[in-house]
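As a plain string of letters, each chain reads:
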Amino acid sequence: MTKTVRITWDAASARRARRQFLTSPAATGTPVAEVVGAMLGAHAQVLSAAELSVGMRTDAATRADVRAALWDDRTLIKTYGPRGTVHLLPARELPLFSAALSAVPTGPSPFPPEVRLTEEQAAQVVTAIGDALDGRCLTLDELSEEVVARTGPWAGDRVMPAFQDLWPRWRQVMHRAGWAGALCFGPNRGRKATYTRPPWGDAGVGAEAETGVGSGSGAGEALAAFVDRYLYAYGPATPQHFARWLAAPPGWATALFGELSADGRIDEVDFEGTPAWVAAGDTDFPSGPARGVRLLPYFDAYVIAGRPRERLFPGKAYQRALGGGQAGNYPVLLVDGVVAGVWHQRRRGRRTTVTVEPLVRLTARQRRELDEQVERVGEVLEATPELVVGEVTVGPHA
């Protein structure tokens, strides 16, 4: 009988930090797309937060480097990723993300029946979006006109409640269009966002060799490869952890892990007394805990995916740095791999004030590392930083 491998929280957090360039930042010359790939995407609803997520994992990259990868080199693409939220993703890995995310079942619609799209209507809208954006960059209003013209007036009915406004019905499936490879963000036109169709010809080059998923692979293989990538970055993890990261049905995730375990694609381990999984054979963990001080921005991948929450947000951090149990509402101070404070930066011209509120007493070494992290924030944002240690008085998402 095979002996179950036992993995402690310290070992797990140390490996996660190492694999996400939080123990040692990526060296100069490392492509920013490689850093984003290690995170399985950088949350980019606010692009400056994504720039910090990437930049703080490198020793020299700035927001200009992230923007160059996004708009000039096109090694990054801004589109809809896990949970249907906006992410930066490596362009080479779009086939994998598209195939896997499109195969994740969605839960019940949050909208009343008279607002929802039927599956047939949703498919029409996704097709219309892809056709309208092929070789073009359109603003949201321009895209809306094209979608309505290609489907019908029903798509433009302003019935979808959103941010104290009503959006046209078709916007319910913008994220699905992103998952299907029909839509991604283009460069801003003035202050307006634009959308375009991803350059699949460029994105697909080498993707099959890199991800194991080519254009002819099925959804099952895509999901297996996706789980493998997730467990490499965030394991050990349970099916419930994976489901929460994707906003997927827990029962579906449990069944998926069961199939992969039966096929020998993933291995069960004991994670602090709870059955969890790692990629097959991937049981090499550091012998000691994570060390070091790091500043991470809103909705950083490490805190969004990190589980169990009560271990990542110990003691006072659970109340102070979470919003109703949700991670990412505050930028966080990491000390030795766990959340130990919150912070906020306010920019004025070429200067930015970084206010850090530690929830633990910092040693002299940790305070020096905090100073270095604040300097790095300034480098990434191309601003001159000033550190203030004190209470963060702004609320979440400020």
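Just above, that's the structure.
Residues numbered from 1 in each chain as written. Predicted model: local features only at pLDDT ≥ 70, side-chain atom pairs only at ≥ 80, totals over all residues. Heavy atoms only, no water.

Engineer: Describe the state of the cysteines, naming the residues involved and giving the relevant values.
Structural biologist: Following the criterion strictly, the structure yields 0 disulfides and no others. Take Cys137: it sits in no disulfide, and the sulfur closest to it among the cysteines is that of Cys184, at 7.9 Å. (Disulfide = S-S within 2.5 Å.)

Engineer: How would you sum up the sheet that holds strand 2 (residues 42–43)? Please name residues and give values.
Structural biologist: Taken together, 3 strands build an open sheet; the order of strands is 2-4-3 and the sheet is antiparallel. Sheet topology places strand 2 and strand 3 (76–80) at the edges, where each strand pairs with a single neighbour. The pairing of strand 3 with strand 4 (residues 86–90) spans 5 bridges and is antiparallel. Looking at strand 4, one finds that Lys78 is bridged to Leu88. Packing of helix 2 (residues 32–39) onto the sheet brings it into contact with strand 2, strand 3 and strand 4, and relative to strand 4 it is tilted by some 120°. (Pairing = 2+ DSSP bridges. Helix = DSSP H or I, 4+ residues; strand = E, 2+ residues; numbered from the N terminus. Contact = heavy atoms within 4.5 Å. Axes fitted to C-alpha atoms, helices over the stretch in contact; angles between N-to-C directions.)

Engineer: So, the pairing of strand 8 (residues 184–189): which residues are in play, and what are the values?
Structural biologist: Across 4 bridges, the pairing between strand 8 and strand 9 (residues 192–196) is antiparallel. By the bridge assignment, Arg189 is partnered in strand 9 with Lys192. A loop of 2 residues connects strand 8 with strand 9, the two strands running antiparallel in sequence, and Gly190 in this loop sits at a positive phi of about 70°.

Engineer: Residue-level account of the sheet that holds strand 5 (residues 138–139), with values.
Structural biologist: One open sheet holds the 3 strands; their spatial order is 5-9-8, and the pairing between them is antiparallel. The open sheet is flanked by strand 5 and strand 8, the only strands paired with a single partner. Pairing of strand 5 with strand 9 involves 2 bridges; the strand directions are antiparallel. If you follow Thr139 over to strand 9, its bridge partner there is Thr194.

Engineer: Provide a residue-level description of the side chain of His43, including the pertinent values.
Structural biologist: In this structure, His43 sits in strand 2. Overall, His43 belongs to the buried group, its relative accessible area being 12%. Residue contacts for His43: discarding those within four places in its chain leaves Ala50, Arg83, Thr85, Val86, His87 and Phe299. (Buried < 20%, exposed > 50% of the residue type's maximum accessible area, 1.4 Å probe, protein only.)

Engineer: Lay out the packing of aromatic side chains with the relevant residues and their values.
Structural biologist: For the structure on display, the rule yields 13 aromatic pairs. Here Tyr230 and Tyr234 contribute two aromatic rings whose centre-to-centre distance is 5.8 Å and whose plane-to-plane angle is 45°, an arrangement assigned as tilted. Taken together, the positions of Tyr230 and Tyr234, both in helix 11 (residues 219–234) and 4 residues apart, correspond to about one turn of that helix. Here the aromatic rings of Phe242 and Phe257 are separated by 5.6 Å at their centres, their planes lie at 45°, and the arrangement is tilted. Of this pair, Phe242 sits in helix 12 (residues 239–246) while Phe257 sits in helix 13 (residues 250–262), and the two are 15 residues apart along the sequence. (Phe/Tyr/Trp six-rings, centres within 6.5 Å; stacked < 30°, edge-to-face > 60°.)

Engineer: Lay out helix 5 (residues 94–102) with the relevant residues and their values.
Structural biologist: Burial runs high along helix 5: 7 of the 9 residues are buried. Within helix 5, the full set of buried residues consists of Leu94, Pro95, Leu96, Phe97, Ser98, Ala100 and Leu101.

Engineer: Just give me the short version of the packing of helix 5 against helix 11, but keep the residues and values in it.
Structural biologist: Between helix 5 and helix 11, the least distance of the axes is 8 Å, while the angle of their chain directions is 110°. Classified by the angle their axes make, helix 5 and helix 11 are roughly perpendicular. Residue-level contacts link Leu96, Phe97, Ala99, Ala100 and Leu101 of helix 5 to Ala222, Leu223, Ala225, Phe226 and Arg229 of helix 11. Here the residues of the contact of helix 5 with helix 11 are counted per class, giving 9 nonpolar, no polar and 1 charged. (Parallel < 35°, antiparallel > 145°, perpendicular 65-115°, else oblique. Nonpolar A, V, L, I, M, F, W, Y, C, P; charged D, E, K, R; others polar.)

Engineer: Before we move on, can you summarise unusual backbone geometry with the specific residues and values?
Structural biologist: Each neighbour pair has its own omega, and for Gly235 with Pro236 the value is 0°, a cis peptide bond. Structurally, Pro236 is set in the loop between helix 11 and helix 12. Cis geometry is adopted by the peptide bond preceding Pro308, which originates at Arg307 and carries an omega value of 0°. Residues other than glycine seldom take positive phi values, yet Arg74 does so here, at roughly 60°. The backbone phi angle of Glu382 is positive, close to 55°, even though this residue is not glycine.

Engineer: How would you sum up the pattern of salt bridges? Please name residues and give values.
Structural biologist: Throughout the structure, instances matching the rule amount to 20 salt bridges. Here Arg63 and Glu382 are joined by a salt bridge, their closest N and O atoms 2.9 Å apart. In this pair, Arg63 is assigned in helix 4 (residues 63–72) and Glu382 in the loop between helix 17 (364–381) and strand 16 (384–389), connecting sequence segments 319 residues apart. Judged by relative accessible area, which is 28%, Glu382 ranks as partly exposed. One salt bridge connects Glu142 with Arg189, and the closest N-O pair in it is separated by 2.9 Å. Taken together, the residues Glu142 in helix 7 (residues 140–150) and Arg189 in strand 8 connect sequence positions 47 residues apart. One network of salt bridges, in which partners are shared, links Arg15, Arg19 and Asp282. (Salt bridge = Lys/Arg side-chain N within 4 Å of Asp/Glu carboxyl O.)

None of this, on its own, says anything about what the molecule does.
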